[in-house]
Amino acid sequence: MKKVVVTLALFSLFVVFAAQAQDKKTIIENRCKELVRVLNLGEKDQWRKFIQENCTEAWINRKMRLQVQGGPDGAAPAANNETTELESKVGLFQRFHDDLGKGTISNIKIDGDNADVQVKGETGLDLSFALKFTPAAPHLIDGLGVQAMMGGPKN
């Protein structure tokens with residue numbers, strides 16, 4: 001009888017941890033989908049609201065570097081700009097929107113606290129978002145990297 005109780009207790013813990021992991025994955029996936037939906041709107045007030053509700057204060061206030069590489073001849077030199085604060089993040093969303101036009105998610109991969117989101121743009125440019133989320137609920141965005149590819153990723 002004691003073995004049955006211990007087995008049931010362990011099984012219950014497993015179910016609870018599995019449910020929490022699934023909830024976390026669902027939350028992260030929903031934030032990724034909402035990111036693309038909001039980018040498609042093209043409305044600065046909606047971008048601002050998304051950033052405030054879905055990102056950590058630390059990320060919002062962190063200085064960011066924008067590195068643009070490549071060009072028609074495939075060369076690597078480009079511009080570097082440093083941005084900070086909420087309005088700079090809104091400007092970053094403006095750039096994503098301008099680059100994509102309307103975007104559609106082609107793939108989302110979630111691995112722990114990280115997500116990779118592939119977005120196909122109507123402009124012919126695709127963006128690959130690498131998002132880092134806080135490990136604890138409410139699993140806010142705490143890091144964002146973006147790579148642009150003309151005509152999709154190269155294999």
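Note that residues are indexed from 1 along each chain, following the sequence as it is written. Reporting in this predicted model follows two pLDDT cut-offs: at least 70 for local features of residues, and 80 or more for side-chain atom pairs to be given and counted; totals over whole chains, interfaces and linings ignore these cut-offs and use all residues. The basis for every side-chain value is the complete set of heavy atoms in the structure, and neither hydrogens nor water enter the calculation.

K.L.:
Quick question: what am I supposed to make of the side chain of Thr 134 here?
P.N.:
With respect to the helices and strands, Thr 134 occurs in the loop between strand S5 (125-133) and strand S6 (141-150). Buried means the residue's accessible area, taken with a 1.4 Å probe over protein chains only, is under 20% of the maximum for its type, while exposed means over 50%, and partly exposed covers the values in between. Take Thr 134: its relative accessible area is 18%, and that puts it in the buried class. Within polar-contact distance, the side chain of Thr 134 engages the backbone oxygen of Ala 136 at 3.2 Å. Ignoring sequence-local partners within four residues, the contact set of Thr 134 consists of Thr 56, Asp 113, His 139, Leu 140 and Asp 142. Note on conventions: DSSP H or I runs of at least 4 residues are helices, E runs of at least 2 residues are strands, and numbering of each starts at the N terminus. Under the rule applied, a polar contact is a pair of N or O atoms within 3.5 Å (in protein, one hydrogen donor and one hydrogen acceptor; residues adjacent in sequence only if both atoms are side-chain atoms). Every residue pair with non-hydrogen atoms within 4.5 Å of one another is taken to be in contact.

K.L.:
So what exactly am I meant to see when it comes to the sheet that holds S5 here?
P.N.:
Two orientations exist for strands paired in a sheet by backbone hydrogen bonds: parallel and antiparallel. Here, any two strands with at least 2 DSSP bridges between them count as paired. In space, the four strands of this open sheet follow the order S3-S4-S5-S6, with antiparallel pairing throughout. Edge positions in the sheet fall to strand S3 (103-111) and S6, since each of these pairs with one other strand and no more. For this sheet, the mean inter-axis angle between neighbouring strands, taken without regard to orientation, is 15 degrees. Taken together, the eight bridges between S3 and strand S4 (residues 114-121) define a ladder with antiparallel strand orientation. Within S4, the residue paired with Ile 105 across the bridge is Val 119. Across the sheet, helix H4 (residues 85-100) lies against S4, S5 and S6, angled at about 145 degrees from S5, the strand it touches most. For helices, the fitted axis covers only the stretch in contact; all axes are lines through C-alpha atoms, and the angles between them, taken along N-to-C directions, range from 0 to 180 degrees.

K.L.:
How do you make sense of the side chain of Asp 126 when you look at a structure like this?
P.N.:
Its location among the elements puts Asp 126 in strand S5. Among the residues examined, Asp 126 registers a relative accessible area of 5% and is labelled buried. Of note is the side chain of Asp 126, whose polar atom sits 3.2 Å from the side chain of Lys 120. Only 3.2 Å separates the side chain of Asp 126 from the backbone nitrogen of Gly 121, close enough to count as a polar contact.

K.L.:
Got a minute to help me understand the pairing of S5 in this structure?
P.N.:
Regular strands place side chains that alternate from one sheet face to the opposite one. Buried residues dominate S5, accounting for seven of its nine residues. Pairing of S4 with S5 involves seven bridges; the strand directions are antiparallel. What sits directly across from Asn 114, in S5, is Lys 132. The turn joining S4 and S5, which pair antiparallel and follow one another in sequence, is formed by three residues; a positive phi near 95 degrees is taken by Gly 124. Two strands pair when backbone bridges link them, and S5 and S6 are joined in this way by nine bridges, in the antiparallel orientation. Across the sheet, residue Ser 128 finds its bridge partner in S6, namely Gln 147.

K.L.:
Got a minute to help me understand the nonpolar core in this structure?
P.N.:
Within soluble globular proteins, side chains that are nonpolar generally end up buried alongside one another. Remark: nonpolar core denotes a set of buried residues (Ala, Val, Leu, Ile, Met, Phe, Trp, Tyr, Cys) joined through side-chain atoms within 4.5 Å. Ile 51, Phe 93, Phe 96, Phe 129 and Leu 131 are the most contacted members of the largest nonpolar core, which has 29 residues in total. At the level of elements, helix H1 (2-41), helix H2 (44-54), helix H3 (57-61), H4, S4, S5 and S6 are the ones that each hand at least two residues to this core. Leave out the neighbours within four places in its chain, and Ile 51 touches Trp 59, Ile 60, Leu 86, Lys 89, Val 90 and Phe 93.

K.L.:
What is the right way to look at the pairing of S4 in this model?
P.N.:
Alternating residues of S4 divide into Ala 115, Val 117, Val 119 and Gly 121, all buried, and Asn 114, Asp 116, Gln 118 and Lys 120, none buried. Hairpin geometry of S3 and S4 is characterised by an intervening segment of two residues between the two adjacent antiparallel strands and by a positive phi of about 65 degrees at Gly 112.

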